[in-house]
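Fold and geometry: a report
Below are the chains, spelled out letter by letter.
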Amino acid sequence: MSKEQATPQTNPQTTPLWEVFIRSRNGLSHKHVGSLHAADATLALQAARDVYTRRGEGLSVWVVPSSAITASDPSEKGMMFEPTASKIYRHPTFYEVPDEVGHM
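Summary of the structure given here. Predicted model, so just to flag it, every value in this text is computed and none were measured. Here the residue numbers are simple positions, counted from 1 along each chain's written sequence. Since the coordinates come from a predicted model, pLDDT governs what is reported: local features require at least 70, and pairs of side-chain atoms require 80 or more to be given and counted, while whole-chain, interface and lining totals use all residues. Each side-chain value is derived from all of the structure's non-hydrogen atoms; neither hydrogens nor water enter the calculation.

1. Quick notes on the pattern of salt bridges
Salt bridges are identified by distance alone: a Lys or Arg side-chain nitrogen within 4 Å of an Asp or Glu carboxyl oxygen. Scanning the model with the defined rule gives one salt bridge in all. Close ionic contact of R49 with D50 constitutes a salt bridge, the shortest N to O distance being 3.1 Å. For R49, a relative accessible area of 47% puts it in the partly exposed group. Exposure is judged per residue with a 1.4 Å probe applied to protein chains only, and the accessible area is read against the type maximum: over 50% gives exposed, under 20% gives buried, and values in between give partly exposed. The exposure class assigned to D50 is partly exposed, which follows from its relative accessible area of 44%.

2. Some thoughts on the nonpolar core
Within the largest apolar cluster, eight residues are counted, these being W18, V20, I22, L36, A38, A44, A48 and V63. Secondary structure is summarised from DSSP: a helix means a run of H or I of at least four residues, a strand means a run of E of at least two, and numbering begins at the N terminus for each. Contributing elements (two or more residues each) for this core: β1 (17-24) and α1 (41-52). Any pair of residues with heavy atoms lying within 4.5 Å of one another is described as a contacting pair. Setting aside anything within four residues of it in sequence, one finds V63 in contact with W18, E19, V20, A41, A44, L45 and A48. Only buried residues count toward a nonpolar core. Its members are Ala, Val, Leu, Ile, Met, Phe, Trp, Tyr and Cys residues joined through side-chain atoms within 4.5 Å.

As structure tokens, then:
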């Protein structure tokens, strides 16, 4: 379809962008796999299924409007993550973990 024939529903410049997250059969967490344009959440979910799970690799699919995602600025890494370095008590390096505790 040429740009002249594009409708508002199919024009990527006016159709919302969605981020796609897939949870595979082997894992427990969703992973970002890509983005797509769709008019609404239902169409985004259907398109995500068709595009990103062709080989049956997905157990669960999430679609999130890109406009709803707020991200940290990589240039502000120090301000965002340095405070955790001063909270060394959060890391289990100052005490022995008993064997009976198991997976920790």
